[in-house]
Amino acid sequence: MPGPLSCTDNDIRALLRTQAMIYAIREINQRTPRALPNLTLGYDIYDTCGDVNFAIRATLQLLKNQSDPQSCVISYYSTSELLSRKFKFPTFLRTVSSDEYQTKAIAKLVAEFNWKTVAIVASNDAYGKYGSDKLVDIFSNMKDVCIEFTVILPDDFSQSHFECHTRLAKLVSRINESSAEAVIVFTKESNVVVIMEAAIKYNLNRTWIASDAWSTSTTVSALSGIEMAGEIFGFTSKRNDVPGFKDYVISRFDGTTNSILEHYFTHYPLCSNQSEANRESDCSLTNSQQGSKRCLDPTCLANYIEKDLSYNIYLAVQVIVEGLRRLLKCDNHRCERSAKFTPLELLMEIKKVNFTVNTTHIFFDQNGDPSLGYEIVYWNMTESKKRTHIETIGEYWPDGKIKLSDDLVRKMRNVTVTVYNCSKTCQPGQQLKLQSKLCCDDCVPCADGEISAGNGEECTPCRSEQYSSPQKDKCFNKTVEFLRWRDHFIIFLSSMEVFGIIVTIMFAIVFTIYRSTPIVKAVGGYLCFLELFSLLACFCLTLSYVGKPTTASCMVRLPLFGIAFSLCISCILANLLQILVGFNFDLKLGSWIKKLNKPIAVVTIVFGIQLALCVSWLCFYPPRPSQVVSSRTILHQCEIGSTALLIAMLGYNSLLALICFLFAFKGRQLPDLYKNARLISISMLLFLIVWLFFIPIHLKLVGKEKQAIECAAILISSYSILGCHLAPKCHIMVFRKELNNENAITAYIKKHYEQRGMTVVKS
C-alpha cells in the first residue's frame, strides 16, 4: 500500500482470506457453464492491517479512479450497527450480521442459561462501545439480569505501556472480586489476548462470552494454559466450508503464483522437511526455524482457515456475481446487455438479490443486512490437552429464535447457587434479594402476609381476606368471625332470649286476666303493660346479635335497646311516684309530690328525652357494619357510630335507674304488701352493676366475645326487672290469690302502722 503507513507483521489467516476471495473469483471465471458468459472478473487487494485508518485510506485508494462515487462496498467482517444507517452509508452492504443481532443473541443466551449476574468488558471504539451500550440497554430491561460492572478499555489496550498495565491490573482485580456468572468481552482479538494472558496468569477461572471478533480465534485458543482462564462460550457468523477451498489450500494453492503469495513466502517459507515442521497437533510458527526465518508446515495451512470469514468472503463474491447476472440479464450461454453500466445500477440490483448459495439462502433487508444468523460455539478444552476444539453447540437467528441442546440448557439452569455463593433460586416462601453485594442475591424469607412459590420469585402479598401459611408458600382464607347460631355461648343466650320472650308474653296474659285486681293497680295499672312491651322489645332485640351484622341489625341493637329500656324505667319511675304519693303524710312535701303524680306526663317526658337522644344518634351517626381485619381473622361487627351518644344513652338510663333506686330505697319503710319498692331497688341495683362492669369490659374485649357480652348485658338487665319486679306479682296472682284483694291490703296497712304505735283511722 503506498504512503508512509505500513504493516509490521504478516498474518497467515489474513493471507488465507485473500486467497478465499481469489479462489472464489477464479471459480467464477473457470466454472462451466459460465455464470457470466464472455466476462472475466478481476480484483484489487489492499491490506487494512486491521486498522481503521488503513481501511479508510485503502477504500479511498480503491475509489479514486472511479467516475461514479456511488460504488458498492460489500463487507465480510464489519458488524457495527452504525453501518445499517442508510442515510449515512447508502451504498454499504455486508455478508455478516449486524452487532444489533449479536447483542440480542448474547442476552438471549444469558437468559437461556439462567445467568443472573454479568460483567461487560469492551473497547472504546465503534465495535466495542456500541456492543457494550446495547448490552446495557438490553439487560436493563431484563429484570432478572444484573450488570455488576462495565469496563471500557482503550482501543489500543494491547499496546505495551504503563497506562495499559495499570488498567489491566485493575481489570483483573475487579474480575477476580466479582460475583458475575459470565464476563462478556466485546473487543478485538489483540485486546483479548492481553486479557486472557492475565486470566491464565492469575487463574481467574471465569465463564466468558466471546463476541464474534474473537470467538473462533486460533491465537487466543492456542494460548498456553487457556483452560485456566475458564469456560468460553461465543458467537460467530454461520460457519461453512467454501466448496473446494480446503483442498486448494492443502495443495499449496494449486500451484497458483501471485505477488501476495510470493511476498508472504519470503517471510514464512514452507518447511523443507518434516523434521523442521511443527507436528500436526501443534501447527504454530513460533518454534520451527529455517535459518533465521520461521517456516510453516504445508499440512498445517488448512488449520488456519476461518470457516466463518472465508465463507462470508465467498458469499460476497457470489452476491456480486448474482447482481451482475441480474443487471446484464445473463443465462448460462450469453448476456443480453453489454457490460457498460454504472456502479449505481449494479448496487440497485445487488440489493434485490434473493437466492441460495449451496445451502445458504441470502437476501438483504432495507438496511443492507443479510438474513444470516449466528452459531453459538463452546471452547472444549478437555478432549485434548494440546488443542482447544471450538464446537458449535447452537444457533441464533435474527428473528430472535435460539436453538441449544436441551441437556445443556437443563444443566445450566439446574445451578441453584453459583460458585460465588449467590443464590439463583429459593425454596417456597423465600425471595431473591440483594444484601451486601451489588448483584449477589440471597434467599430472604417473605414477610407475614406474603408468599412466594419459590424459584426466586418475588414475595407477593395475599389478598386482604387471606393470610400466609407458616411456610409462606400459600395463602389461606382468614377465619370470618361473627356470632353464629352454632356457637355454644350463643345457643345458651338464644335459649335465654326465647325463654324471656315466652315468659314476658305469659306475664302479659296473666296481667290482662287480672287487670282489675289490686295487685295490677299496685304495679302501675296500664303502665305495667308498657313495661311488659318494652321488656318484650329488649328480648327480641337480642336476637339481632346473631349472624353477620347488617345495617339494619346494627341500628336496632343499642339505640333501640336504649329507647325500649328507658320506656320500661320511666313506667317504673311513674309507679314509684304513685306509691310515694299514696303513703306520704307530710303536708308540705305532699303537695309537691302530688303535682308530679301524673303517670302519662312522667312517662312521656322521661321517655321522650331518651327517644330524642337515640333518634339523633340513628340519624346523624348511625351504627353500621364494619370489619376488623387481623393477621388471621376478619371480624364482622357493628361500629357504634358515636361513642359520645352511646355514653349519653347508657348514662341517661343509668341516671333513671339511680333515681328509681333512691325513690324505692326511700319508700322501703312504707306499708307495701307487694314489696314494690324493695323489689324495684334490687332490679335497679342489678342494672347499675351490670352496666357499670359492662363499660370497661366492652372497651377491653375484641372479637365476637365483645358482642356476646353486650347481648348478655341486655338480657341480664331485662331479666332483672322481669324477675325481681314482675315475677313476684304473677306468683301472687296465680298462687296467692288471697293476697290479691282490698281487705288483705287494708289489714296489712293497719298492722304495719299499729306495730309502729300509730293509730289507723279507717276511711
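About the cut-offs
Residues numbered from 1 in each chain as written. Predicted model: local features only at pLDDT ≥ 70, side-chain atom pairs only at ≥ 80, totals over all residues. Heavy atoms only, no water. Helix = DSSP H or I, 4+ residues; strand = E, 2+ residues; numbered from the N terminus. Buried < 20%, exposed > 50% of the residue type's maximum accessible area, 1.4 Å probe, protein only. Contact = heavy atoms within 4.5 Å. Areas by Shrake-Rupley, 256 points an atom, 1.4 Å probe, with all protein chains shown as cover. Disulfide = S-S within 2.5 Å. Expected span 1.5 Å × (residues − 1). Phe/Tyr/Trp six-rings, centres within 6.5 Å; stacked < 30°, edge-to-face > 60°. Lys NZ or Arg CZ within 6 Å of the ring centre and 35° of its normal. Core = buried A, V, L, I, M, F, W, Y, C linked by side-chain atoms within 4.5 Å. Pairing = 2+ DSSP bridges. Axes fitted to C-alpha atoms, helices over the stretch in contact; angles between N-to-C directions. Parallel < 35°, antiparallel > 145°, perpendicular 65-115°, else oblique. Left-handed = near helix turned anticlockwise from the far one by under 90°. Nonpolar A, V, L, I, M, F, W, Y, C, P; charged D, E, K, R; others polar. Salt bridge = Lys/Arg side-chain N within 4 Å of Asp/Glu carboxyl O.

K.L.:
So what about the overall build of the protein chain? Which residues, and what values?
P.N.:
Of the regular secondary structure elements, the protein chain holds 23 helices and 23 strands. Each of the 763 residues in the protein chain was classed as buried or not, and the buried ones make up 48%. Restricting to contacts in the protein chain with at least 6 residues of sequence separation, those with at least 24 account for 68%. Accessible surface computed for the protein chain: about 38,700 Å², of which carbon and sulfur atoms make up 56%.

K.L.:
Could you give me a rundown of the state of the cysteines, with the residues and numbers involved?
P.N.:
Chemically, a disulfide is nothing more than a covalent bond linking the sulfur atoms of two cysteines. Per the stated rule, a full pass over the model turns up seven disulfides. Paired by a disulfide, C446 and C459 hold their sulfur atoms 1.9 Å apart. Its S-S torsion of approximately -80° makes the covalent link between C446 and C459 left-handed. Residue C446 is located in the loop between β16 (441–445) and β17 (450–451), and its partner C459 is located in the loop between β17 and β18 (460–461); the two are separated by 13 residues in the primary sequence. Both residues of the pair, C446 and C459, count as buried. Residue C528 stays outside any disulfide, its sulfur separated by 9.0 Å from that of C571, the closest cysteine.

K.L.:
Could you give an account of helix α15 (residues 527–541), with specific residues and numbers?
P.N.:
For α15, built from 15 residues, the straight-helix expectation of 21 Å at 1.5 Å per residue is met to within 8% by its first-to-last C-alpha distance of 21 Å. Taken residue by residue, α15 has L527, C528, E531, L532, S534, L535, C538, F539 and L541 as its buried positions.

K.L.:
Any chance you could break down the packing of aromatic side chains for me, citing the residues and the numbers?
P.N.:
Following the criterion strictly, the structure yields 18 aromatic pairs and no others. An angle of 35° between the planes, with centres 5.9 Å apart, marks the rings of Y311 and Y314 as tilted. A residue pair is termed a helical-turn pair when its members lie 3 or 4 positions apart in one helix, as Y311 and Y314 do in helix α10 (residues 307–328) at three residues. Here the aromatic rings of F565 and F687 are separated by 4.7 Å at their centres, their planes lie at 15°, and the arrangement is stacked. A residue pair is termed long-range when its members are at least 10 positions apart, and F565 in helix α17 (residues 558–582) and F687 in helix α21 (residues 676–700) qualify at 122 residues. Here the two residues F565 and F687 agree in accessibility, since each one is buried. Taken together, F113, W115, F233 and Y378 form an aromatic cluster joined through their ring pairs. Here the guanidinium or amino end of R484 rests over the ring plane of F482, the centre of that ring lying 4.0 Å away.

K.L.:
I'd like a description of the nonpolar core, backed by residues and values.
P.N.:
Counting residues in hydrophobic clusters, the biggest one holds 71 residues, and the most contacted among them are F507, F511, I572, M684, W691, L722 and L726. Looking at this core, the elements with two or more residues in it are α13 (488–513), α14 (518–523), α15, α17, α19 (599–620), α20 (643–666), α21 and α22 (704–735). At 14 residues, α17 tops the list of elements feeding residues into this core. Setting aside residues no more than four positions away along its own chain, L726 makes contact with F507, F511, V523, E531, L532, L535 and I721. Counting residues in each nonpolar core, the second largest holds 45 residues, with V249, L261, Y314 and C335 among its members.

K.L.:
How would you summarise the sheet that holds strand β22 (residues 624–629) if you had to cite specific residues and measurements?
P.N.:
Reading across from one edge, β21-β23-β22 is the order of the three strands in this open sheet, with mixed pairing throughout. Two strands lie at the open edges of the sheet, namely β21 (479–481) and β22, each paired on one side alone. Strand-to-strand twist in this sheet, taken as the mean axis angle between neighbours without regard to direction, amounts to 25°. Relative to strand β23 (residues 633–639), β21 runs parallel, the two being bridged by three bridges. Note that in β23 the partner of V480 across the bridge is I634.

K.L.:
Tell me what's going on with the sheet that holds strand β4 (residues 146–153), and back it up with residues and numbers.
P.N.:
Hydrogen bonds along the backbone pair up the strands of a sheet, which may run parallel or antiparallel. In spatial order, the strands read β4-β3-β5-β6-β7-β12-β13-β14; together these eight strands make up an open sheet with mixed pairing. Each end of this open sheet is capped by a strand with a single partner; those strands are β4 and β14 (402–404). Neighbour-to-neighbour, the strand axes of this sheet turn through a mean angle of 25°, independent of strand direction. Helix α4 (residues 126–140) rests against β3 (117–123), β4 and β5 (182–186) of the sheet, and its axis sits at about 160° to β3.

K.L.:
Give me the side chain of T504: which residues, what numbers.
P.N.:
Secondary-structure assignment places T504 in helix α13. The class for T504 is buried, based on a relative accessible area of 2%. Residues in contact with T504, not counting those within four places in the same chain, are L532, L535, L536, F539 and L722.

K.L.:
Pulling in residues and values, what's your account of the packing of helix α3 (residues 99–112) against α4?
P.N.:
The contact between α3 and α4 brings their axes to 9 Å, and the two run at 45°. With respect to their mutual orientation, α3 and α4 come out oblique. Once α3 is placed against α4, the crossing between them reads as right-handed. Touching D99, E100, Q102, T103, K104, I106, A107 and V110 of α3 are Y127, Y130, G131, K134, L135, I138 and F139, all from α4. In terms of residue class, the contact of α3 with α4 is built from eight nonpolar, three polar and four charged.

K.L.:
With reference to specific residues and values, describe the pattern of salt bridges.
P.N.:
Taken as a whole and assessed by the stated rule, the structure comprises 17 salt bridges. Between E375 and R239 there is a salt bridge whose closest N-O contact spans 3.2 Å. Placement of E375 in strand β12 (residues 374–380) and of R239 in the loop between β7 (230–237) and α8 (245–250) is noted, with a sequence separation of 136 residues between them. E375 sits in the buried class, given a relative accessible area of 9%.

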